[in-house]
Amino acid sequence: MAEWSLLPKDLLEQISNYFDTSIDLLRFRSVCTSWRSSVSPKPRCPSGSFRILPNDGISCASFGFYLTKRTIFLIRLPDYHHQTSSDCWLVKIEEESPNRKHLLNPLSRYRFNSLPRSFPRPLDLLNFRVFELGQEYVLHHVNYKPSSPSIPDAGNLYMEKVVITWLNHGSQFLLLTIHVSGKLAFFKSGDKKWTIIQEMPSPYDDVIAYNEKLYAVDHTGRTVCVGLNAELNLIANPVFGGDRKCLVESRGQLLLVDTYLSIDTADENQDVGEESLEHLAQYMSERTVRFKVFKLEEALQSWIGVNSLDDRVLFLGEYSSFSASAADLSGCSGNCIFFMDSFFYPRDENTDEEEDSVLVGGDIGVFDLGIASIGPLSNYPEYSKMFWPPPDWVSSTSLEVQTQNQFEDLSLRNND
């Protein structure tokens, strides 16, 4: 039988290069001390206390920005293939500092503050089978203090997501986000100020890091790749039709999701007089009515429509979009899109129901691409359990591992 701990260092390094996620690398380095010493961790996003970005060229409201990383995990039982339960749990974890982490709704910016009493603290991911589905990065104003704890990210840069790619084995990085003007904002490590890219035939809708490059799509579907010196290279020509474009990677392929919106009012039969026109906006809401999906044909510089996602599931969040195989999700048949839409949960401004809606998935909608049906997550109870509450086995498995460790410690003491 082979002695795995004696594998040569260069072979271990070569194997580690095939890992796409930090959790897989963590498990690889946990096998034994020789593997851990032979392979270094991949570059990590600086912690929240490390201020890395100036505000010059992009904002005059703060002294600068710091960057935090959030990771979306799919958590399952350790040996789920042999379990009768097919439950899984989707959760987003933000690392504010090495010893301080937060649990968030996987599709939004809101934290889970009302965790069950039995929920393990701390939550050790090594006790479960964990799949990393995606990552997102958020820029925060250094000197900003949110006025409400229920809106922890109110100081973020224009409430837009930021994407990052690493250069030279992690010693340098590039950042891309969307400026309030609709133009692209670009930052390269070592620069003293942000670069606002002036070229903008149409305001940009979304950005993504794909295959270690930075991409952006505008309101028409025109897609560009941003180079090392902030130059733009055309990747795909426009796709007209929808109201908002989103980029997402699925099984190594870049997809464009075109969102169609409708404007609805709280009461269509309500008679609005001239004196109420100024208040009309508060009764109006954007409602998602359907999606179209396209795949990139880079050689043709075109987006080609697709009628099916097969067994794939797309998740369109506020700060990131990601995909998963339906086989890894509990009770999900695939070929559907989960998305954020406040229309499904109209809120009363005088009540404090926002956190409750977040916990039950009140802002999440589901679109079936096959039959073009759309509705709130509450209409799909088999899907709802992926989001909230945490499955009971999260607490019970952690307790079993803790009990087993205590038993092993006691046995060792008795043997001594």
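Everything numeric in this text was worked out from a predicted model, so none of it was measured.

Participant: Explain the overall build of the chain here, please?
Facilitator: Helix and strand content of the chain: 6 helices and 22 strands. Within the chain, the proportion of its 416 residues that are buried is 47%. Taking as baseline every contact in the chain between residues at least 6 positions apart, the subset at least 24 positions apart corresponds to 56%. Carbon and sulfur atoms make up 49% of the accessible area of the chain, which amounts to about 21,900 Å² in all.

Participant: How should I be thinking about the nonpolar core in this particular structure?
Facilitator: Nonpolar side chains in soluble globular proteins generally cluster together in the buried interior. Of all hydrophobic cores here, the largest spans 24 residues; its most connected members are Leu107, Val313, Phe315, Leu329, Phe338, Tyr383 and Phe387. Ranked by residues supplied to this core, first place goes to strand β20 (residues 336-340) with 3 residues. Counting residues in each nonpolar core, the second largest holds 16 residues, with Phe73, Trp89, Phe112 and Leu115 among its members.

Participant: Can you walk me through the sheet that holds strand β21 (residues 364-368) in this structure?
Facilitator: Strand pairing in a sheet takes place through backbone hydrogen bonds and is either antiparallel or parallel in direction. Strands sit in the order β19-β18-β20-β21-β22 across an open sheet of 5 strands; the sheet is mixed. Among the strands making up the open sheet, the edge pair consists of β19 (321-325) and β22 (373-376). Between one strand axis and the next, the sheet turns by 20 degrees as a mean value, whatever way the strands run. Pairing of β21 with β22 involves 4 bridges; the strand directions are antiparallel. Its bridge partner being in β22, valine 366 is matched across the sheet by glycine 375.

Participant: Got a minute to help me understand the packing of aromatic side chains in this structure?
Facilitator: Aromatic ring pairs are defined here through the distance separating the ring centres and the angle between the ring planes. Scanning all chains against the criterion turns up 11 aromatic pairs. Ring plane angle 65 degrees and centroid distance 5.0 Å describe the contact between phenylalanine 291 and phenylalanine 339, whose orientation is recorded as edge-to-face. Taken together, the residues span a long stretch of sequence, with phenylalanine 291 in strand β16 (residues 284-297) and phenylalanine 339 in strand β20 at a distance of 48 residues. For the ring pair phenylalanine 315 and phenylalanine 322, a centre distance of 4.9 Å and an interplane angle of 10 degrees mean the geometry is stacked. Residue phenylalanine 322 is classed as buried on the basis of its relative accessible area of 3%. If you follow arginine 70 out to its NZ or CZ, it ends over the ring of tyrosine 319, 5.5 Å from the centre. Lying over the aromatic face of phenylalanine 131, arginine 129 brings its terminal NZ or CZ to 5.1 Å of the ring centre.

Participant: Please explain the environment of tyrosine 380 as it appears in this structure.
Facilitator: Take tyrosine 380: it is sitting in the loop between β22 and α5 (381-384). C-alpha of tyrosine 380 to C-alpha of valine 366: the two residues are 14 residues apart in sequence and 8.2 Å apart in space. Setting aside its immediate chain neighbours within four residues, tyrosine 380 contacts Val366, Ser373 and Gly375.

Participant: Just checking my understanding: could you explain the pairing of strand β12 (residues 223-226) for this structure?
Facilitator: The side chains of a regular strand alternate between both faces of the sheet. Neither face of β12 is left uncovered, since the one carrying Thr223 and Cys225 and the one carrying Val224 and Val226 both have all their residues buried. Connecting the antiparallel pair strand β11 (residues 213-218) and β12 is a turn made up of 4 residues, with glycine 221 showing a positive phi of about 100 degrees.

Participant: How do you make sense of the pattern of salt bridges when you look at a structure like this?
Facilitator: If charged atoms from side chains of opposite charge come close, those side chains can pair. On inspection of all chains with the given rule, the structure shows 9 salt bridges. Residues glutamate 136 and arginine 70 are paired through a salt bridge, measuring 3.3 Å at the closest nitrogen-oxygen approach. In this pair, glutamate 136 sits in strand β5 (residues 129-141) while arginine 70 sits in strand β2 (residues 65-76), placing the two residues 66 residues apart along the sequence. You can call glutamate 136 buried: its relative accessible area is 2%. Linked through salt bridges whose partners overlap, the residues forming this network are Arg70, Lys92, Glu94, Arg111 and Glu136.

Participant: How should I be thinking about unusual backbone geometry in this particular structure?
Facilitator: For residues besides glycine, phi is generally negative; the peptide bonds are generally trans as well. One non-glycine residue with positive phi stands out, namely arginine 251, at about 50 degrees. If you trace the backbone, arginine 251 turns up in the loop between β14 (244-250) and β15 (253-265).

Participant: What's the story with the sheet that holds strand β13 (residues 232-236) in this structure? I'm lost.
Facilitator: Strand order in the open sheet formed by 4 strands is β10-β11-β12-β13, and the pairing between neighbours is antiparallel. Each end of this open sheet is capped by a strand with a single partner; those strands are β10 (204-210) and β13. Shown here is a sheet whose adjacent strand axes are inclined to one another by a mean of 30 degrees, direction ignored. Here β12 pairs with β13 via 4 bridges, running antiparallel.

Participant: Whenever I open this one, the confidence of the model for the chain confuses me. Can you help?
Facilitator: If pLDDT is low for a region, its predicted coordinates should not be looked at in detail. Per-residue pLDDT for the chain has a mean of 76; in total, 69% of the residues score no lower than 70. Counted against residues more than four places away or in other chains, residues 147-159, with its pLDDT under 50, gives 32 contacts. Ignoring residues within four places in sequence, the model shows residues 399-414, a span with pLDDT below 50, making 1 contact including any to other chains.

Participant: Whenever I open this one, the side chain of serine 189 confuses me. Can you help?
Facilitator: Structurally, serine 189 is set in the loop between β8 (184-188) and β9 (195-197). According to the relative accessible area criterion, serine 189 is buried, its value standing at 16%. In this structure, serine 189 is in contact with Gln172 and Phe173, ignoring residues within four places of it in sequence.

Participant: Honestly, the environment of lysine 292 in this entry has me stumped. Any pointers?
Facilitator: With respect to the element layout, lysine 292 can be found in strand β16. Sequence separation between lysine 292 and tyrosine 260 is 32 residues; the distance between their C-alpha atoms is 8.2 Å. If we skip the residues at most four places from it in the chain, lysine 292 touches Leu256, Val257, Asp258 and Tyr260.

Participant: I would appreciate a short explanation of the environment of alanine 230 in the present structure.
Facilitator: One can find alanine 230 in the loop between β12 and β13. With relative accessibility at 13%, the residue alanine 230 sits in the buried group. The spatial distance from the C-alpha of alanine 230 to the C-alpha of isoleucine 196 is 8.8 Å, given a sequence separation of 34 residues. Not counting chain neighbours up to four residues away, the residues in contact with alanine 230 comprise Phe186, Thr195 and Ile197.

Conventions used here
Starting from 1, residues in each chain are numbered consecutively following that chain's sequence as written. Where local features are concerned, this predicted model is filtered to residues with pLDDT of at least 70; where side-chain atom pairs are given and counted, the filter is 80 or more; whole-chain, interface and lining totals use all residues. Where side-chain values are given, they derive from all heavy atoms of the structure, hydrogens and water being excluded. Helix and strand definitions follow DSSP, with helices as H or I runs of at least four residues and strands as E runs of at least two, each counted in order from the N terminus. Three labels apply to residues, based on accessible area from a 1.4 Å probe with only protein chains included: buried if under 20% of the type maximum, exposed if over 50%, partly exposed otherwise in between. Only heavy atoms matter for contacts: two residues are in contact if any of them lie within 4.5 Å across the pair. Computed with the Shrake-Rupley method and a 1.4 Å probe, the accessible areas treat only the protein chains shown as cover for residues. Nine residue types can take part in a nonpolar core, namely buried Ala, Val, Leu, Ile, Met, Phe, Trp, Tyr and Cys, and a core is a set of them joined through side-chain atoms within 4.5 Å. Each pair of strands is called paired provided DSSP finds at least two bridges between the two strands. To get an axis, a line is fitted to the C-alpha atoms, and for a helix only the part in contact is used. The angle between two axes follows their N-to-C directions and goes from 0 to 180 degrees. Any pair of Phe, Tyr and Trp rings, taking the six-membered ring for Trp, is counted once the centres come within 6.5 Å. Such a pair is stacked with planes under 30 degrees apart, edge-to-face with planes over 60 apart, and tilted for the rest. Any Lys NZ or Arg CZ found within 6 Å of a ring centre and within 35 degrees of that ring's normal is scored as a charge over the ring. Any Lys or Arg side-chain nitrogen found within 4 Å of a carboxyl oxygen on Asp or Glu counts as a salt bridge. The score called pLDDT rates the predictor's confidence residue by residue, from a low of 0 to a high of 100.

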